[in-house]
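Below, each chain spelled out in residue letters.
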Amino acid sequence: PSSFACSSPSPIPSIQQKIKPSLSLVGSVKNKIAIILDDIIDDVEPWTLLGKFLKENGAVKVYCMAPHGVLSGEALRHINMSDSVDKVIVTNTVPLSEELAACAKIDVVDVSRLFGEAIRRIHNGESMSQLFTNVTAD
């Protein structure tokens, strides 16, 4: 027979709020177009707050860009009410609701042809680098 040592479990630490650092700029955005980039746009409120900060520091326009536009919850309301975000640009990797797709401040870039060609090239063992040379706007 083996014996086991038992001790009372250590207490679970309390959940603490994330500490958000204050915003600061490196360089100047005065009289420039500011572009905010991330991989996903979901909760839009932090983006609008950052846009406000950039405009307060002289940015003439603020564009928010991300390949994946989840845009959940109150995203549409925040985008429409915001004077600080001029344009939200996402790809069609996440389908948008009809209301979001109809918003004049949201532009969707279609990447389906690019992804389809990438899949074809991978399947046929062809070079992927060819996809990124001599790229045209269409």
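In this report, we go over the structure that sits alongside the text. Remember, predicted model here, so these are calculated numbers, not experimental data.

### Looking at helix α1 (residues 45-56)
Relative to the 16 Å expected for 12 residues at 1.5 Å per residue, α1 spans 17 Å between its end C-alpha atoms, a close match to the ideal helical length. On its buried side, α1 packs onto β1 (33-37), β2 (40-41), β3 (61-69) and α2 (75-81). Immediately beyond the C-terminal end of α1, within one or two residues, lies G58, with a positive phi of roughly 105°.

### Focus: the environment of L54
Considering the arrangement of structural elements, one finds L54 in helix α1. C-alpha separation for the pair L54 and A34, spaced 20 residues apart in sequence, amounts to 7.2 Å. Once residues lying within four places of it in the same chain are set aside, the contact partners of L54 are L25, V29, A34, I36, A59 and V62.

### Observations regarding the layout of surface pockets
Taken as a whole, the second largest pocket holds about 270 Å³ of empty space. Around the second largest pocket, the lining residues are K20, P21, L23, I36, L37, D38, P46, W47, L49 and L50. If you list the elements that add at least two residues to the lining of the second largest pocket, you get β1 and α1. Among the residues making up the lining of the second largest pocket, the classes are represented as eight nonpolar, no polar and two charged.

### Some words on the nonpolar core
Judged by nonpolar contacts, the single largest core of 20 residues is most densely connected at I41, L54, C64, L71, I79, V88 and I106. Counting only elements with at least two residues in this core, the list comes to β1, α1, β3, α2 and β4 (87-91). Top contributing element to this core by residue count: β3, with three residues.

### Quick word on the pattern of salt bridges
A full pass over the atoms with the stated rule returns seven salt bridges. One salt bridge connects R120 with E117, and the closest N-O pair in it is separated by 2.7 Å. Placement of the pair is R120 and E117 together in helix α4 (residues 112-123), with a separation of three residues, close to one helical turn. Overlapping salt bridges bring together E117, R120, R121 and E126 as one network.

### Thoughts on unusual backbone geometry
Positive phi, normally seen in glycine, also occurs at N31, with a value near 60°. Note that N31 resides in the segment before β1. One non-glycine residue, L71, lies in positive phi territory at about 45°. Tracing the sequence through the fold places L71 in the loop between β3 and α2. Exposure remark for L71: the relative accessible area of 4% places this residue in the buried category.

### Focus on the pairing of β4
Extensive coverage of β4 is indicated by the burial of four of its five residues. Summarising the sheet, β3 and β4 pair through four bridges and their orientation is parallel. Within the sheet, the bridge partner assigned to C64 lies in β4 and is V88. Taken together, β3, α2 and β4 form a β-α-β motif whose crossover is right-handed. Sheet analysis places β4 next to strand β5 (residues 106-109), joined by four bridges and oriented parallel. The residue bridging T91 from the neighbouring strand is V109, located in β5.

What counts and how
- Residues numbered from 1 in each chain as written.
- Predicted model: local features only at pLDDT ≥ 70, side-chain atom pairs only at ≥ 80, totals over all residues.
- Heavy atoms only, no water.
- Helix = DSSP H or I, 4+ residues; strand = E, 2+ residues; numbered from the N terminus.
- Expected span 1.5 Å × (residues − 1).
- Contact = heavy atoms within 4.5 Å.
- 1 Å grid on protein atoms, 1.4 Å probe; cavity = no way out; pocket = protein on both sides within 12 Å on 5 of 7 lines; lining within 4 Å.
- Points joined across faces, edges and corners; volume = space filled by probe spheres on them.
- Nonpolar A, V, L, I, M, F, W, Y, C, P; charged D, E, K, R; others polar.
- Core = buried A, V, L, I, M, F, W, Y, C linked by side-chain atoms within 4.5 Å.
- Buried < 20%, exposed > 50% of the residue type's maximum accessible area, 1.4 Å probe, protein only.
- Salt bridge = Lys/Arg side-chain N within 4 Å of Asp/Glu carboxyl O.
- Pairing = 2+ DSSP bridges.
- Right-handed = clockwise from strand over helix to strand, strands pointing away.

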